[in-house]
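If you want the building blocks of each chain, they are given just below.
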Amino acid sequence: MNTPHPLLSRPAGALNGLVAAPGDKSISHRALMFGALAVGETQIEGLLEGEDVIATARALRALGAGIERLGEGTWRVSGRGVGGLIEPGDVLDLGNSGTSARLLMGILATHPFTTLITGDASLRRRPMNRVMDPLMRIGAVFAPREGGRMPLAITGTAEPVPIEYTLPVPSAQVKSAILLAGLAAPGRTSVIEREPSRDHSERMLRHFGAEVTIEDLGDGRRLASVVGQPELRGAKVGVPGDISSAAFVVVAAAIVPGSRVTVRGVGVNPLRSGLIETLREMGANIALAGLREQGGEPVADITCIHAALKGVDVPAERAPRMIDEYPILAAAAACAEGTTRMHGLRELRVKESDRLAAIARGLAAAGVKIEEGEDWLAVHGTGAPPKGDVRIAVNLDHRIAMAFLVLGAASRKGISVDDAQPIETSFPGFAALMNGLGARIGESGPP
Ligand code: S3P
């Protein structure tokens, strides 16, 4: 286990500059996995080299795929074809990464051997029934710990059955796991979502040559299906910048007076960009320029100039399109004038930590008035900078660490986090990048 690394974010002056966001985490995992299931070589540019994605690379290597790092962000995958992975010789440790665990479970569901998977204390607390339930219908067999938790054993089936499955919770990970399992099944495997989640798997499966159909079923419901047993062909993938990482930089510029920051090459997939919409409703000055397409995903440069923010209501229907952005939205809300009410937050309770509790506890300790419900949060901002002067318990949650470090820059007395190490899972170099813009994040000294 890594030793905890406390960091302190002191109040900062204006943030200024132009930066590139690290590669998109969701797309990076998928590029490696789909490459491993394709025939031939996949060349990836801009891969996120964070711990979560490295966990996926390590697991795929253990399953027999050829995975090589050619240079910074440039990786080559030599695939084994759909159903072609081999039994690993040891337990696969997926660290902190829910995406690695759940998507790999989808892949392993149709490989007829037994794999043991585990992860860190955070991942071992997270619910896996949501992904095991549909995969059992396809034919996989699981032996999890009490409550459907990891470590668990998965034995894949040699005769997968195609299914049609309606997701009980909005989850791109579960949807993707089912579609990945469906790749090996004869016929069409379909997933119905009541609230559409990120569609990177659907887009990338097409890019690798699979037949994917998307249907609008009305009332916001959406069906995604894949025709099984395709020959996936290795492809070139350019990974866009991660909007969920860019979000920390954008909000920092929005809440620190005098700031003007541009983040280049950010993926602005409509199913990921709910935060931009929300910040604009709050009065943020955000411009998207140079809209272009990269590997089937829309990409733009995002500029944010500081402006006074006001509280807004964030509807539950928007949650799947900004599910990872609530910690940093809450930091923006803490600096806004008026109340920001966020609805439909149940899923935050089962992320890398109970994020709803962590946000509420942290903001209250930093001097912000909040109310917390089972699946909602109200943040009562005054328009003045929050006091800060608190040390936040990160509990292995990268986004909690980054959100409070950003808030520290806009606070009166600074905010520290007890462990910044988890930031390495998604945003290596976060503190240095922020400091390059004018933030003052550094060693915090004894608590
Ligand atoms: C992800 C889906 C989301 C998100 C996670 C990445 C993905 O999780 O929170 O960071 O890459 O599919 P859920 O599927 O649990 O909503």
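Residues numbered from 1 in each chain as written. Predicted model: local features only at pLDDT ≥ 70, side-chain atom pairs only at ≥ 80, totals over all residues. Heavy atoms only, no water.

For the coordinates displayed, the defined rule picks out three aromatic pairs. Residues Phe 34 and Phe 208 carry aromatic rings whose centres are separated by 6.2 Å and whose planes lie at 90° to one another, so their mutual orientation is edge-to-face. Taken as a pair, Phe 34 in helix H1 (residues 25-37) and Phe 208 in the loop between helix H6 (200-207) and strand S12 (212-218) lie far apart in primary sequence, 174 residues in all. Judged by relative accessible area, which is 0%, Phe 208 ranks as buried. Look at Phe 427 and Phe 430: their rings are 5.2 Å apart centre to centre, the planes differ by 70°, and that puts the pair in the edge-to-face class. A single burial state applies to Phe 427 and to Phe 430, both of which are buried. A connected cluster of aromatic rings, assembled from ring pairs, spans Phe 248, Phe 427 and Phe 430. (Phe/Tyr/Trp six-rings, centres within 6.5 Å; stacked < 30°, edge-to-face > 60°. Helix = DSSP H or I, 4+ residues; strand = E, 2+ residues; numbered from the N terminus. Buried < 20%, exposed > 50% of the residue type's maximum accessible area, 1.4 Å probe, protein only.)

On to the sheet that holds strand S4 (residues 66-71). The four strands lie next to each other as S4-S5-S3-S14, forming an open sheet whose pairing is mixed. Here the strands that pair on one side only, and so sit at the sheet edges, are S4 and strand S14 (236-238). This sheet shows a mean twist of 20° between the axes of neighbouring strands, independent of strand direction. For strand S3 (residues 41-45) and S14, the ladder comprises three bridges, and the chain directions are parallel. Note on S14: the bridge partner recorded for Gln 43 is Lys 236. Helix-sheet contacts for H1 involve S3, S4, strand S5 (74-78) and S14, and the interaxial angle to S3 is about 170°. (Pairing = 2+ DSSP bridges. Axes fitted to C-alpha atoms, helices over the stretch in contact; angles between N-to-C directions. Contact = heavy atoms within 4.5 Å.)

This next bit is on the packing of helix H7 (residues 243-255) against helix H9 (residues 326-335). One way to put it is that H7 packs onto H9 with a least axis distance of 10 Å and a crossing angle of 5°. Between H7 and H9, the interaxial angle falls into the category roughly parallel. Side by side, H7 and H9 meet where Ala 247, Phe 248, Val 251 and Ile 255 of the first sit next to Ile 328, Ala 331, Ala 332 and Cys 335 of the second. For the contact of H7 with H9, the per-class residue count stands at eight nonpolar, no polar and no charged. (Parallel < 35°, antiparallel > 145°, perpendicular 65-115°, else oblique. Nonpolar A, V, L, I, M, F, W, Y, C, P; charged D, E, K, R; others polar.)

Along its sequence, the protein chain is carved into domain 1 (7-23 + 243-443) and domain 2 (25-228). In this assembly, 27 residues from domain 1 lie in contact with 27 residues from domain 2. Interface area for domain 1 against domain 2, summed over the two sides, is near 2,200 Å², with a carbon-plus-sulfur share of 49%. The interface formed by domain 1 and domain 2 contains three salt bridges. As a salt-bridge pair, Glu 347 and Arg 130 come within 2.8 Å of each other at their nearest N and O atoms. Linking domain 1 with domain 2 are 14 residue pairs in polar contact (both at pLDDT 80 or more), by the criterion used here. When contributions to the side of domain 1 that touches domain 2 are tallied by element, the ones reaching two or more residues are strand S17 (297-305) and helix H11 (398-410). Across the side of domain 1 that touches domain 2, the residue classes tally to ten nonpolar, eight polar and nine charged. (Domains from an automatic or database assignment. Buried area = accessible area lost by both parts, 1.4 Å probe. Salt bridge = Lys/Arg side-chain N within 4 Å of Asp/Glu carboxyl O. Polar contact = N/O pair within 3.5 Å; in protein donor to acceptor, adjacent residues only side chain to side chain.)

Glancing now at the environment of Ala 247. Note on placement: Ala 247 falls in helix H7. Counting along the chain gives 226 residues from Ala 247 to Ala 21, while the straight-line C-alpha distance between them is 9.3 Å. Leave out the neighbours within four places in its chain, and Ala 247 touches Leu 275, Glu 325 and Ile 328.

What follows concerns the sheet that holds strand S21 (residues 377-382). Backbone-to-backbone hydrogen bonds pair the strands of a sheet. The strands run either parallel or antiparallel. A sheet is described by the order of its strands in space; here four strands give the open sequence S18-S19-S21-S20, paired in mixed fashion. Two strands bound the open sheet, and with one partner strand each, they are strand S18 (313-314) and strand S20 (369-372). Pairing between S18 and strand S19 (residues 337-342): two bridges, direction parallel. Counted as the bridge partner of Val 314 is Met 342 from S19. Here helix H10 (residues 355-365) sits on the sheet and contacts S20 and S21; the angle it forms with S20, its principal contact strand, is near 155°.

Within soluble globular proteins, side chains that are nonpolar tend to cluster in buried spots. Ile 255, Leu 279, Tyr 326, Met 342, Phe 430 and Met 434 are the most contacted members of the largest nonpolar core, which has 83 residues in total. Top contributing element to this core by residue count: H7, with eleven residues. Not counting residues within four places of it along the chain, the set of residues in contact with Leu 279 comprises Val 250, Val 251, Ala 284, Ile 286, Leu 329 and Ala 332. Core analysis: the second largest hydrophobic core is formed by 64 residues, Met 33, Met 105, Tyr 165 and Leu 183 among them. (Core = buried A, V, L, I, M, F, W, Y, C linked by side-chain atoms within 4.5 Å.)

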